[in-house]
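For reference, the chains in residue letters:
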Amino acid sequence: MKSLFFSRFLLLLPWVLIVIIVLDIDSSRAPLPARAPRGGGAGSGEPRSAAARPPPQRRPEAALPTIYAITPTYSRPVQKAELTRLANTFRQVARLHWILVEDAAARSELVTRFVAAAGLPCTHLHVPTPRRYKRPGLPRATEQRNAGLAWLRQRHQHLPPPQPGVLFFADDDNTYSLELFQEMRTTRKVSVWPVGLVGGRRYERPVVENGKVVGWYTGWRADRPFAIDMAGFAVSLQVILSHPKAVFKRRGSQPGMQESDFLKQITTVEELEPKANNCTKVLVWHTRTEKVNLANEPKYHLDTVTIEV
Ligand code: UGA
Ligand code: MN
């Protein structure tokens with residue numbers, strides 16, 4: 001009796017397996033026409049099973065607000081090193097659009113080449129700082145940040161409704177943790193966080209009580225309405241677009257007041273959104289690169305090759 005059952009089982013087994021295989025092939029074919037062919041997808045030799053799976057992880061990423069990082073930059077011996085460090089960070093951030101603004105009368109070859117090889121979405125602009133403003137004691141990069149803002153507004157004029165986005169001013173010499181971008185990504189209007197190695201202290205930070213900014217921990221000009229470095233805040237694209245006149249001003253602006261002068265045009269202290277665990281974590285550092293020693297650099301070109309540094 002047992003052996004009869006076993007022989008029937010063996011006889012049926014191949015048929016059962018064939019039916020299972022046929023059903024499997026059918027089900028993996030069925031969803032194919034539902035997806036529009038994407039860039040040579042049809043017949044490109046992609047494994048079938050990939051098409052049968054639910055849409056890949058691209059979906060959630062597409063919903064992420066774009067982070068626009070405006071970086072003023074100027075020609076000097078360390079420029080390429082600074083930009084390399086920055087690009088290495090930015091390349092690891094999803095949906096980041098880099099707005100690189102050269103302080104120059106024209107785009108330089110060095111930055112143009114750099115941008116082409118940077119491997120991330122990048123807009124390369126330029127605007128020179130008028131000579132009279134290139135003096136110690138005067139704020140830097142005013143014209144460059146404004147050029148970035150103008151580009152952003154111009155671009156979104158033609159793209160209604162505005163895509164979700166967050167703007168942030170990323171100087172080329174600071175140090176940015178990847179966690180910082182996760183924090184700023186959820187900015188609704190204007191968000192703030194601590195900045196390390198700034199204001200003559202180990203850090204500066206917004207003081208937070210019951211989830212609201214109530215003051216500033218700083219060692220320098222505590223009377224500033226927003227006692228915060230350029231690296232310490234982000235603004236939603238909606239706020240930038242709904243305040244089309246908000247820009248950085250040369251007239252009457254002193255170093256260290258640019259942030260306050262700009263922020264008071266678009267928000268109030270009460271409205272600020274504290275990030276980085278209620279402003280108790282340093283995720284960005286106001287590092288400054290030492291001036292390089294070129295004392296032994298020859299006056300005239302001596303090497304047999306010309307090298308970009
Ligand atoms: C501090 C603040 O962190 C800056 O955001 C602020 O612009 C600056 O003070 C100021 O005095 O206005 P600090 O480290 O002293 O920063 O300034 P830099 O890092 O030398 O310059 C800020 C940005 O402007 C950098 O991205 C730099 O590449 C750029 N820059 C500087 C120019 O585009 N042109 C210049 O002539 C100088
Ligand atoms: Mn700096």
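Scroll up a little and you will see the structure.
An account of the accompanying structure is given in this report. Keep in mind that what you see is a predicted model, and the values were worked out from it rather than measured.

### As for the overall build of the protein chain
Next, step 1: Within the protein chain, the regular secondary structure consists of 10 helices and 12 strands.
Next, step 2: Burial analysis of the protein chain (309 residues in total) assigns 39% to the buried set.
Next, step 3: Intrachain contacts of the protein chain at a sequence separation of at least 6 include 74% that bridge at least 24 residues.
Next, step 4: A total accessible area of about 18,900 Å² is found for the protein chain, and carbon and sulfur atoms account for 58% of it.

### Some thoughts on the pairing of strand 10 (residues 233–236)
Next, step 1: Residues Phe233 and Val235 point to one face of strand 10 and Ala234 and Ser236 to the other, with burial holding for every one of them.
Next, step 2: By the bridge criterion, three bridges tie strand 4 (residues 165–169) to strand 10 in an arrangement that is antiparallel. Directly across from Val166, in strand 10, lies its bridge partner Ser236.

### Considering the site of ligand 1
Next, step 1: By nearness alone, 18 residues border ligand 1, and Pro72, Asp103, Arg140, Asp171 and Asp229 come closest of all.
Next, step 2: In this structure, Asp172 approaches ligand 1 through a side-chain N or O atom, which is 3.0 Å from an oxygen atom.
Next, step 3: Residue Arg288 places a side-chain N or O atom 3.0 Å away from an oxygen atom belonging to ligand 1.
Next, step 4: Contact with the protein chains removes 89% of the 680 Å² of surface that ligand 1 exposes when unbound.
Next, step 5: Taken together, the residues of the shell around ligand 1 break down into five nonpolar, three polar and 10 charged.

### Observations regarding the sheet that holds strand 6 (residues 190–192)
Next, step 1: Across the sheet, which stays open at both edges, the seven strands sit in the order 3-2-1-4-10-6-11 with mixed pairing between neighbours. Because the sheet does not close on itself, it has two edges, and the strands there are strand 3 (122–126) and strand 11 (273–274).
Next, step 2: Lying on the sheet, helix 6 (residues 142–157) is in contact with strand 1 (66–73), strand 2 (96–102), strand 3 and strand 4; it crosses strand 1 at an angle near 145°.

### Some remarks on the coordination of the manganese ion (ligand 2)
Next, step 1: Surrounding the manganese ion (ligand 2) are the protein donor atoms Asp173 (OD) and Asp173 (OD), at 2.2 to 2.6 Å.
Next, step 2: Here Asp173 lies in the loop between strand 4 and strand 5 (175–176).

Rules behind the numbers
Residues numbered from 1 in each chain as written. Chains lettered and ligands numbered in written order. Predicted model: local features only at pLDDT ≥ 70, side-chain atom pairs only at ≥ 80, totals over all residues. Heavy atoms only, no water. Helix = DSSP H or I, 4+ residues; strand = E, 2+ residues; numbered from the N terminus. Buried < 20%, exposed > 50% of the residue type's maximum accessible area, 1.4 Å probe, protein only. Contact = heavy atoms within 4.5 Å. Areas by Shrake-Rupley, 256 points an atom, 1.4 Å probe, with all protein chains shown as cover. Pairing = 2+ DSSP bridges. Near = heavy atom within 4 Å. Polar contact = N/O pair within 3.5 Å; in protein donor to acceptor, adjacent residues only side chain to side chain. Nonpolar A, V, L, I, M, F, W, Y, C, P; charged D, E, K, R; others polar. Axes fitted to C-alpha atoms, helices over the stretch in contact; angles between N-to-C directions. Donors = N, O, S within 2.8 Å, 3.2 Å for Na, K, Ca; no water.

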